[in-house]
Amino acid sequence: MTPPSPLACTWTTPRPRTVRLTVRGELDYDSQHLLVRTAREMLAAHPECRSVRLDCGELAFCDSSGLAGLLMVSRLVRSAGASLYLDNRSAELDRLLRRTNLLDHFTAPTAETTHRRQDS
């Protein structure tokens, strides 16, 4: 049996008004608070942020508590006036999002995003 991989969260600012939040390891009951805290700190450090790219490429595992953490991050990002994008999702994460009817929540453009695109 493979030992659990602790969650690590890091963030960078690849472009103005865009922050990339990278998660590595297992997102579960014991670790989801780290993701939420990191997102809160990141948004406080970059109030001008309008796009949060959550890189899930190295996410090894996500359970229902991890999913709750993702939802909390989504609420934080939206309340800051930004959009959240889940990048590099695994098939397992997509399956979890589909089973819980949350895939569209994390992947469909919001009305605000659509409105901004039309104004451009």
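The structure presented is a predicted model; accordingly, all values stated were derived computationally and were not measured.

## Side note on the nonpolar core
Thought 1: In this structure, Leu35, Leu54 and Leu70 are the most contacted members of the largest nonpolar core, which totals 31 residues.
Thought 2: If near-sequence neighbours (up to four positions away) are discounted, leucine 70 is found in contact with Leu27, Leu35, Leu54, Cys62, Leu93 and Phe106.

## Some thoughts on helix H2 (residues 64-79)
Thought 1: For H2, which comprises 16 residues, the first-to-last C-alpha distance of 23 Å matches the rise-based estimate of 22 Å (1.5 Å per residue) to within 8%.
Thought 2: The complete set of buried residues in H2 reads Gly66, Leu67, Gly69, Leu70, Val73, Ser74, Leu76 and Val77.
Thought 3: As for H2, its buried residues are in contact with strand S2 (18-27), helix H1 (32-45), strand S3 (51-62), strand S4 (83-87), helix H3 (91-99) and helix H4 (103-107).
Thought 4: With a side-chain oxygen lying 3.0 Å from the backbone nitrogen of serine 65, the N-terminal cap of H2 falls on aspartate 63.
Thought 5: Positioned one or two residues after H2, glycine 81 has a phi angle of 85°, which is positive.

## Observations regarding the state of the cysteines
Joining two cysteines, a disulfide is a covalent bond between their sulfur atoms.
Thought 1: Tallied over the entire structure, the rule returns 0 disulfides.
Thought 2: Here cysteine 62 stays free of any disulfide, with the sulfur of cysteine 56 as its closest cysteine sulfur at 8.1 Å.
Thought 3: Residue class for cysteine 62 comes out buried when judged on its relative accessible area of 15%.

## Quick word on the pairing of S4
Thought 1: Most of S4 sits out of view: 4 of its 5 residues are buried.
Thought 2: Bridge count for S3 against S4 is 5 bridges, and the pairing is parallel. In the sheet register, serine 51 faces S4, and the bridge partner there is serine 83.
Thought 3: Viewed along the sheet, the connection from S3 through H2 into S4 turns out right-handed.

## With respect to unusual backbone geometry
Thought 1: Unlike most non-glycine residues, asparagine 88 shows phi in positive territory, near 55°.
Thought 2: Tracing the backbone shows asparagine 88 in the loop between S4 and H3.
Thought 3: Although it is not a glycine, asparagine 101 adopts a positive phi angle of roughly 55°.
Thought 4: Of note, asparagine 101 is situated in the loop between H3 and H4.

Each value, and the rule that gives it
Residues numbered from 1 in each chain as written. Predicted model: local features only at pLDDT ≥ 70, side-chain atom pairs only at ≥ 80, totals over all residues. Heavy atoms only, no water. Core = buried A, V, L, I, M, F, W, Y, C linked by side-chain atoms within 4.5 Å. Buried < 20%, exposed > 50% of the residue type's maximum accessible area, 1.4 Å probe, protein only. Contact = heavy atoms within 4.5 Å. Helix = DSSP H or I, 4+ residues; strand = E, 2+ residues; numbered from the N terminus. Expected span 1.5 Å × (residues − 1). Polar contact = N/O pair within 3.5 Å; in protein donor to acceptor, adjacent residues only side chain to side chain. Disulfide = S-S within 2.5 Å. Pairing = 2+ DSSP bridges. Right-handed = clockwise from strand over helix to strand, strands pointing away.

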